[in-house]
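A look at the structure
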Amino acid sequence: MARSSRLHQAEHRWALAFVAAPVLGYVLFTAYPVGFALYTSMTQWNGLGAMRFIGLDNYVRLFGDQYFWQSMGNTVFYMVGIPIGLALSLALAIGMNRAIPLRSMLRTVYYVPVISSLAAIAILWQWAYNGDFGLVNQFLAWFGIDGPNWLASTVWAKPAIVIMLIWKGLGYSMILYLAAIQSVPRALYEAAELDGANGWQKFRTITLPMVRPVTFFLVVTQVIAGSQIFTEINIMTPTGGPEYSTASSVFHIWRQAFRYQDMGYGTAMAIMLGILILIITLVQFRLNQRNSFVLD
Amino acid sequence: MRKSRLASGMVAALVLAGTAACSAGSSTDDDGKLTFMFRGGEDEKAAYQEAIDRFSADTGVEVEVIVTDADQYATKLQAAISGNNVPDVFYIEQASLQSYVTSGVLLDITDLVAESGVDLENIWEYGVDSYRYDGRLQGTPDGALYGLPKDVGPFALGYNKTMLEEEGIDLPDQDEPLTWDEWLDIMEQVTKDTNGDGKIDQWGTGLNVQWNLQALAWSNGADWTNADKTEVTVDTPEMAEALQYIADMTTVEEVTPSSEQQATLDTYQRWMEGELAFFPVGPWDVSTYNELDFEYDLIPYPAGATGEPATWIGSLGIGVSATTAMPEEATELVTYLSADATAQQTLVDAGIQVPNLKDMAAEWAAEEDVQPANRQEFLDIVEDYGRPMPAAVTYGAAWYDEMWTNIQPVLDGKQTAAEYLAEVQPRMQQLLDESNMQAEQAAAANETE
């Protein structure tokens, strides 16, 4: 306040310039698109020509759109895979943390799906799920099980996609869990051993609480990513599956916006989805706050 | 202190770099170069590149090519248009034509094409008329021209000649369509266990309802809408009969692989393995099917109550952007790709399409020792009895897609076709009403702008 020499004025201007850059970036790449999307959601627009303002009509229509809710339901169903995937990857991480032969090779193998192209993976699984020639059914046939035509069945198409999602996410969660497990102080385990704790007790009272931040992070990010699942669905079931049973929210939005050129309506649904994700994420943070504890 | 200033400096640099890259991307082409955006596989891309190179050599107009995969094309084109980065020349789908026209994206090229001296009489009427639009109906002969056909795709029926010969069945006539009963009779004869393992391994056919109901419905006197595309007419006995016929093939007559095995890939694969007697053949299939180790040929689709065969023709068009800086050159490229004899020959030789030009097509059909021998059937479809897909000439396709979404119970024999059609008609009608309304409003909004 008191200092206002010429030197400091120059510094002030520089500071403003530096502050302006990210603010400008924010306005240009975040605030403007969001504002534009909000406006678009209140118009009738085919994505090409003039926009026609129609207020909240798109939102009203959305509540009566059975396919929107069906696709929402499907998306929620896909999230069943998240807890299963986390449990599996934690188990794997514990396994990979032991001195077993070929450990680093195994770690790599589990990580390969994470870095592979999503489209390639989707096509691979599409073949694997083929009712007649698919790997999955040939495998089941060894055990005398006559597998369904997975992706063409209203009952099996969703579980099939969940299995694929779990498989794909395993390596990523495993690596994070592995890092978390390795950073648990050895002293805690040693103290527990002195008190006569067995393996299960050590896992339940030390490992599990200590990796909780990672679990939280994974749940939040995977719920957000899961809400936006699209590529796998679009490639594996390009029509949204039998009776629209595999269509995800984003798939439905994309179909409205691009296939039917109903950009305004698609945007309204996208905003609705964004709001729902925001609410779910806030709830998760809230729950986590209540559960978290500080290690003294 | 120093460190954080460095960091924010870097952020600023990144932001500026991002902005710069962005504005560079959206600059319009004033450099005398045409941009041409299309879609296709590797073969198609190579054939088109060859044709375009010759165009550039002949006219001195440089063409920058943007090519995408088929399933990304519509999305990318729309994104380019929203970003004011419209290619000068691009493919248009029949089904999108109306919204592109009402939104002022496509140039009316009626006069430019007339001036160019292209003989439209020598191009399939169906192909040319698909890109005519009079502001209310598409496909009418007196509408303004918004593009020329890239190709026409007649969807014919093929049969496995080798199989029928082995089974001692008379080959179906090329000109006189089978009746539905005759067709079924042949399919029943071929459906059997050929290697004695107790499992059926040879079938009559395996049709995907979404691509084959049209042929059966139309030939039975049914249609999806009335003539001016305002009423959905799928709830007729004729439509129900056609849909039931397809469903019964699987559930009652059992002349197809079972319903669970009927995902498209499977029957396509089975046809190629020589396990099916009848299967659709499009011009785009020919180069693949000619590699198979059995002989096949084309026949008209079997005829329903009208006694006349029917089927659909796909088509893609090539149009010009309304904002292009070089309308003459752009139109020249369109006419070149669609109607130039040398360019057509290049594309036909690549085995990816039927000739657009009638005289060239006549020669092509008369060629000896080619597969399928009855190439003429493709031309008959284009010239005489093929029709556009029901959704190809309406403003949106949501109403049409609605028909397929919940159709599985019918195909599984759990619901009758008549019941289902009565149930789905009001839903389709509502969606068609909505899209017709949107078409009017979009047109009105653009007029007032």
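Residues numbered from 1 in each chain as written. Chains lettered and ligands numbered in written order. Predicted model: local features only at pLDDT ≥ 70, side-chain atom pairs only at ≥ 80, totals over all residues. Heavy atoms only, no water.

You'll find chain B entered in an unreviewed UniProt entry as Multiple sugar transport system substrate-binding protein, with Myceligenerans xiligouense given as the organism. Per its UniProt entry, chain B bears the Sequence similarities (unreviewed entry) comment "Belongs to the bacterial solute-binding protein 1 family." (UniProt positions renumbered as here; feature names shortened; annotations may be inferred.)

You'll find chain A entered in an unreviewed UniProt entry as Carbohydrate ABC transporter membrane protein 1 (CUT1 family), with Myceligenerans xiligouense given as the organism. Recorded in UniProt for chain A, the comment headed Subcellular location (unreviewed entry) runs: "Cell membrane". Per UniProt, chain A has the following entry under Sequence similarities (unreviewed entry): "Belongs to the binding-protein-dependent transport system permease family."

Examining the sheet that holds strand 9 (residues 296-299) of chain B
Residue and element names in this part refer to chain B. A sheet is described by the order of its strands in space; here three strands give the open sequence 8-7-9, paired in antiparallel fashion. This sheet does not close on itself; its edge strands, each paired only once, are strand 8 (278-281) and strand 9. For this sheet the average axis-to-axis angle between neighbouring strands, irrespective of direction, equals 40 degrees. In this structure, strand 7 (residues 156-160) lies alongside strand 9, joined through four bridges in antiparallel fashion. The residue of strand 9 that forms the bridge with Asn160 is Tyr296. Packed on one face of the sheet, helix 16 (residues 376-385) meets strand 7, strand 8 and strand 9 and runs near 25 degrees to strand 9. (Pairing = 2+ DSSP bridges. Helix = DSSP H or I, 4+ residues; strand = E, 2+ residues; numbered from the N terminus. Axes fitted to C-alpha atoms, helices over the stretch in contact; angles between N-to-C directions. Contact = heavy atoms within 4.5 Å.)

A short note on the domain arrangement of chain A
Residues and elements named next belong to chain A. Assigned domains within chain A: domain 1 (2-60) and domain 2 (65-295). Measuring from the centre of the C-alpha atoms in domain 1 to the corresponding centre in domain 2 gives 34 Å. Facing the 11 residues of domain 1 at the interface are eight residues of domain 2. Both sides together, the interface formed by domain 1 and domain 2 hides about 780 Å², and carbon and sulfur atoms give 70% of it. Its largest share of buried area at the contact with domain 2, domain 1 owes to Trp45, Asn58 and Tyr59, together 47% of the area lost on that side. Scanning the region where domain 1 abuts domain 2 turns up three residue pairs in polar contact (both at pLDDT 80 or more). Broken down by secondary-structure element, the contributors of at least two residues to the side of domain 1 that touches domain 2 are helix 1 (6-40) and helix 2 (57-63). Broken down by element, the side of domain 1 that touches domain 2 gets its largest block of residues, three residues, from helix 1. Residue classes in the side of domain 1 that touches domain 2 are distributed as five nonpolar, six polar and no charged. (Domains from an automatic or database assignment. Buried area = accessible area lost by both parts, 1.4 Å probe. Polar contact = N/O pair within 3.5 Å; in protein donor to acceptor, adjacent residues only side chain to side chain. Nonpolar A, V, L, I, M, F, W, Y, C, P; charged D, E, K, R; others polar.)

Here's the deal with the pairing of strand 1 (residues 33-39) of chain B
Residue and element names in this part refer to chain B. Counting buried positions along strand 1 yields six of seven residues, so the element is predominantly enclosed. Assessed by its sense of winding, the connection that carries the chain from strand 1 through helix 2 (residues 42-59) to strand 2 (residues 62-68) is right-handed. Looking at chain direction, strand 1 and strand 3 (residues 89-93) are connected through two bridges and run parallel. Looking at strand 3, one finds that Met37 is bridged to Phe90. (Buried < 20%, exposed > 50% of the residue type's maximum accessible area, 1.4 Å probe, protein only. Right-handed = clockwise from strand over helix to strand, strands pointing away.)

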